[in-house]
Amino acid sequence: MRPLVAERRYATEPAPRAVAAAAPQGGQPGAQRRDPAPTRMAYRMQRLWLTPLFRVVVRVGVPAFVLSLAVLLWLGNDARRAAILAQIDAWKVAVENRPEFRVNVLQITGASPSLDAAIRDMLALKLPMSSFDIDLEAARARIATLDAVEGVTVRVAGSGALEVGITERVPALVWRRGEELDLLDKTGRRIARILVRGDRPDLPLLAGEGANAAAAEALRIVAAAGPVKDRLRGLVRVGERRWDLVLDRDQRILLPASEPVRALERLLALDKAEDLLNRDILTVDLRNRQRPTLRLAPDALREMRRAMGLVTVENDL
Amino acid sequence: MTDLYQSQRAMRNMRRAAMQRGVVAILDIGSSKIACLVLRFDGPERRRETDGVGSMAGQSQFRIIGAATTRSRGVRFGEIHAMSETERAIRTAVQAAQKMANVRVDHVIACFAGAEPRSYGLAGEIELQDSVVTEQDVARVLASCDMPDIGQGREVLHAQPVNFALDHRSGLGDPRGQIGNRLACDMHLLSVEASVVQNLFYCIKRCDLELAGIASSAYVSGISSLVEDEQELGAACIDMGGGATGLSIFIKKHMIYADSVRMGGDHITLDISKGLQVPMAVAERIKTKHGGVHATSMDDREMIEMGGDSGDWEKDSRRVSRTELIGIMRPRVEEILEEARARLDAAGFDHLPSQQIVLTGGASQIPGLDTLATRILGQRVRLGRPLRIQGLPQAVTGPAFSSSVGLCLFATSPQDEWWDFDIPTEKYPARSLKRAFKWFKDNW
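Cut-offs and rules
Residues numbered from 1 in each chain as written. Chains lettered and ligands numbered in written order. Predicted model: local features only at pLDDT ≥ 70, side-chain atom pairs only at ≥ 80, totals over all residues. Heavy atoms only, no water. Pairing = 2+ DSSP bridges. Helix = DSSP H or I, 4+ residues; strand = E, 2+ residues; numbered from the N terminus. Axes fitted to C-alpha atoms, helices over the stretch in contact; angles between N-to-C directions. Contact = heavy atoms within 4.5 Å. Buried < 20%, exposed > 50% of the residue type's maximum accessible area, 1.4 Å probe, protein only. Arc of directions from axis to C-beta. pLDDT = per-residue confidence, 0-100. Core = buried A, V, L, I, M, F, W, Y, C linked by side-chain atoms within 4.5 Å. Salt bridge = Lys/Arg side-chain N within 4 Å of Asp/Glu carboxyl O. Buried area = accessible area lost by both parts, 1.4 Å probe. Polar contact = N/O pair within 3.5 Å; in protein donor to acceptor, adjacent residues only side chain to side chain. Nonpolar A, V, L, I, M, F, W, Y, C, P; charged D, E, K, R; others polar.

Peer 1: So, the sheet that holds strand β12 (residues 235–240) of chain B: which residues are in play, and what are the values?
Peer 2: Sheet strands pair via backbone hydrogen bonds, and the direction of the pair is either parallel or antiparallel. Residue and element names in this part refer to chain B. Here we have five strands laid out as an open sheet, ordered β14-β13-β12-β17-β18, and mixed in their pairing. Across the chains shown, the open sheet's two edge strands, defined by having one partner strand only, are β14 (254–261) and β18 (381–383). This sheet shows a mean twist of 20° between the axes of neighbouring strands, independent of strand direction. Packing of helix α11 (residues 322–347) onto the sheet brings it into contact with β12, β13 (245–251), β14 and β17 (356–360), and relative to β14 it is tilted by some 140°.

And the structure:
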């Protein structure tokens, strides 16, 4: 007698169409059909997966996070980071040292030989070197600090040359300060020092404190003083305010602080008419426009008084 | 009553939210199958200036991007019978549809056939305060309809204004802006068992979905299978489902009556199963493959293999002639149709100007049903199939899916219901604004 729970003696042969139909067949433990319904969990997971934000997070956010975390952890090691930086530096140096980027010559154009030497001295480039190592902007700034340089362009030319183009300042005046003699350009900026006045006899001489600040005015006065150019010794700045025109025989023309050129022109006109400056005069004082004043030399004064019949008592005091 | 009003309003808002999001699911919970369609709205709903349906019968705004059908479990007579089984079946259908659509759906609009729908005709009438009809007046006239005694434990499923009359002019579709003195309205109210609706709510909530609307399946299959002139002139739709047969009568494009017969295709299968002593699955197969309602002499010679795996050779190798099968099926089909006839007569269907009857639903595919129905229901019977809508898979175009398709149409352009109108201002609880003012005056 077989127990009721024993294996079936005959293999159940499921009717093919009955399987196709979907009715649950009770009492057939062997033919237990799989439940087509998703479990609650599977259903929720599928819905979650269909949520756009979740999809983006899973597909982009999580991989990006994992990747960045891995990279950060890998870079957390100091030695490794240093090795990477060293490698990068090595590559950089290798590229910079290629002959295409090498600078062989320093070409300076538009500079006098002494300025040329000064610039070469100042830059002190150890050629040949890589163009990446040359800081053009700094070089330009340093060259521009030279007094004799008005404008400068620095560029790396294609042929491996560092081209420095210089515009020099043109000396227009000589300024005496005590023992020193400086060359000034027309704006009054100091250019260079000269040792003796004889080095530049062609340039007018200035003296006095603050003369460089009024260099333009001085040049105008010198130009206006053309008729007495042969006698002109120089200009003296008085009190950083006005000019004295010094002629030979120690004659001085004291110009006013305002409109000195016009005052000078008036004097020169007077001179042309009356031959004033050739007389024995020490000083022409033009400071007061209404009342130009002359100071005669002592002999001339005595002579004039005698001629006028005036007797003066003089003593040695 | 207000509870339901609020919940229906909430569902309407949910539906609006779903439309805004662009995706909504349709769930047809039937006794023999559960169908889930996923609709995608292409643009905002545009109201046409003129009356009538838009291009492609107003369906150009949406298309179906996911469709799935699963065998229903735990549903009997169109009502949820075993909650967890139904929940699983809904999950199956929704998951498959979501997978096809590749979109997550959160809002679902459902329909069901059972729950003993009962129709009531309501009438209301008000004097207009102002001679021009405003929205408030429409709300007031709807609120003035007397609520019939729908019975304990029943809820209102549909409450649709079907007709407005202004003074002596009746048949107005939209009385707003018109001038008159008395505004009257007729409303059709469909009540169902509350417990069934609650079960449905609960079941759908357990699937992590939100219900954005519910409808009676008789109503929605009428929407999809009656053509426009039938809806206009008067017609009845008989949706022969698995567990229940729904009836709906339409006139002037409004449903005026709905009912359901608690018999359907499953009962025919059960009869075959009982009569031929075969399992239900076999009976279902025999019914769909060889079923019919008109026996001819040819059918005597057509023998049907029944099969089976009882182990008894005699029993498993039985054969039955098709005539016998028809002899089993026909009385049940006749019974269903006669019951439907009785319901239609009770509703006064024979007073309608046009008495077109459209048979649809899965059980209407029995060969020869239209001839049999003609004898019982009258001459003007036709078999109906649902409208074609964009993106509908071929497998879902049969008459068994007329309520699914109708539900799509219902979801996209629902009929105005009572809860789409605002509560008339005087019904607001004790004038809350005024009370707030009073509180400020008293306390400050």
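There is more to say, and it comes next.
Peer 1: Explain helix α5 (residues 113–123) of chain A residue by residue, including any values.
Peer 2: Residue and element names in this part refer to chain A. Within α5 the residues assigned to the buried category are Leu 115, Asp 116, Ile 119 and Leu 123. Taken down its axis, α5 places every buried residue within 105° of arc, on the same side. Of the exposed residues in α5, those oriented more than 90 degrees away from the buried face are Pro 113, Ser 114 and Asp 121. Buried residues belonging to α5 abut β2 (105–109), α6 (136–144), β4 (149–156) and β5 (161–168).

Peer 1: Please give an account of the confidence of the model for chain A that cites residues and values.
Peer 2: All names here are of chain A. Predicted confidence across chain A gives a mean pLDDT of 81, with 90% of residues reaching 70 or more. The secondary structure element of chain A with the lowest average pLDDT is helix α1 (residues 16–20), at 46, and the one with the highest is helix α3 (residues 52–75), at 93. Of the regions scoring below 50 in pLDDT, residues 18–30 engages in 13 contacts with residues more than four places distant in sequence or in other chains.

Peer 1: Could you give an account of the nonpolar core, naming the residues involved and the relevant values?
Peer 2: Side chains that are nonpolar tend, in soluble globular proteins, to be buried together. Residues and elements named next belong to chain B. The biggest cluster of nonpolar side chains holds 71 residues, and the ones touching the most others in it are Leu 27, Leu 39, Ile 90 and Ile 204. Top element by residues in this core is strand β2 (residues 33–41). It accounts for seven residues. Residue contacts for Leu 39: discarding those within four places in its chain leaves Gly 22, Val 23, Val 24, Ile 26, Phe 62, Arg 63, Ile 64, Cys 408, Ala 411 and Thr 412.

Peer 1: Let's hear about the confidence of the model for chain B: which residues, and what values?
Peer 2: The share of residues in chain B with pLDDT of 70 or more is 92%, and the mean pLDDT across the chain is 84. Scored as a whole, the predicted complex attains pTM 0.63, and scored at its interfaces, ipTM 0.71.

Peer 1: Which residues make up the sheet that holds strand β1 (residues 23–29) of chain B, and what values do they have?
Peer 2: Residues and elements named next belong to chain B. Here five strands make up an open sheet; going across it, the order is β3-β2-β1-β6-β11 and the pairing mixed. Since the sheet does not close on itself, it has two edges, and those belong to β3 (62–71) and β11 (210–216), each with one partner. Taken pair by pair, the neighbouring strands of this sheet meet at an average axis angle of 20°, ignoring direction. Looking at chain direction, β2 and β3 are connected through nine bridges and run antiparallel. Within β3, the position partnered with Cys 36 by the bridge is Ala 68. Set on the sheet, helix α2 (residues 83–101) makes contact with β1, β2 and β3; between it and β3 the angle comes to about 140°.

Peer 1: Give me the lowdown on the side chain of B:His254, citing residues and values where you can.
Peer 2: Mapped onto the secondary structure, B:His254 falls in strand β14. The exposure class of B:His254 is buried, given its relative accessible area of 16%.

Peer 1: How would you explain the pattern of salt bridges if you had to name every residue and give the values?
Peer 2: For the structure shown, the criterion picks out 53 salt bridges over all chains. In this structure, A:Glu180 engages A:Arg193 in a salt bridge whose closest nitrogen and oxygen atoms are separated by 3.3 Å. Of this pair, A:Glu180 sits in strand β7 (residues 180–185) while A:Arg193 sits in strand β8 (residues 190–194), placing them 13 residues apart in sequence. Using a relative accessible area of 32% as the deciding quantity, one classes A:Glu180 as partly exposed. Take A:Arg193: its relative accessible area is 48%, and that puts it in the partly exposed class. Between B:Arg182 and B:Glu127 there is a salt bridge; the shortest N-O distance is 2.2 Å. Residue B:Arg182 is located in strand β10 (residues 182–193), and its partner B:Glu127 is located in strand β7 (residues 118–127); the two are separated by 55 residues in the primary sequence. For B:Glu127, a relative accessible area of 45% gives the class partly exposed. Each of the salt bridges in this network shares a partner with another, and the network as a whole consists of A:Asp147, A:Arg177, A:Glu180, A:Asp182, A:Arg189, A:Arg190 and A:Arg193.

Peer 1: Could you give an account of the side chain of B:Ser216, naming the residues involved and the relevant values?
Peer 2: Residue and element names in this part refer to chain B. Residue position: Ser 216 is located in strand β11. Classification of Ser 216 as buried rests on a relative accessible area of 4%. If we skip the residues at most four places from it in the chain, Ser 216 touches Cys 111, Phe 112, Leu 157, His 158 and Leu 190.

Peer 1: Tell me about the interface of chain B and chain A, and name the residues and values.
Peer 2: How big an interface is tends to be stated in terms of the accessible area lost upon association of its parts. At the junction of the two partners, chain B supplies 23 residues and chain A supplies 23 residues. Both sides together, the interface formed by chain B and chain A hides about 2100 Å², and carbon and sulfur atoms give 46% of it. Of all residues in chain B, B:Arg91, B:Gln95 and B:Arg104 give up the largest surface area on contact with chain A, accounting jointly for 29% of the area buried on that side. Counting across the interface, chain B meets chain A through three salt bridges. Between B:Asp208 and A:Arg44 there is a salt bridge, and its shortest N-O distance comes to 2.7 Å. On inspection of chain B and its partner chain A, the count reaches eleven residue pairs in polar contact (both at pLDDT 80 or more). Of all elements in the fold, only α2 and α8 (280–290) of chain B reach the threshold of two or more residues within the side of chain B that touches chain A. Among the elements that make up the side of chain B that touches chain A, the one with the highest residue count is α2(B) (eight residues). Counted by class, the side of chain B that touches chain A contains seven nonpolar, four polar and twelve charged residues.

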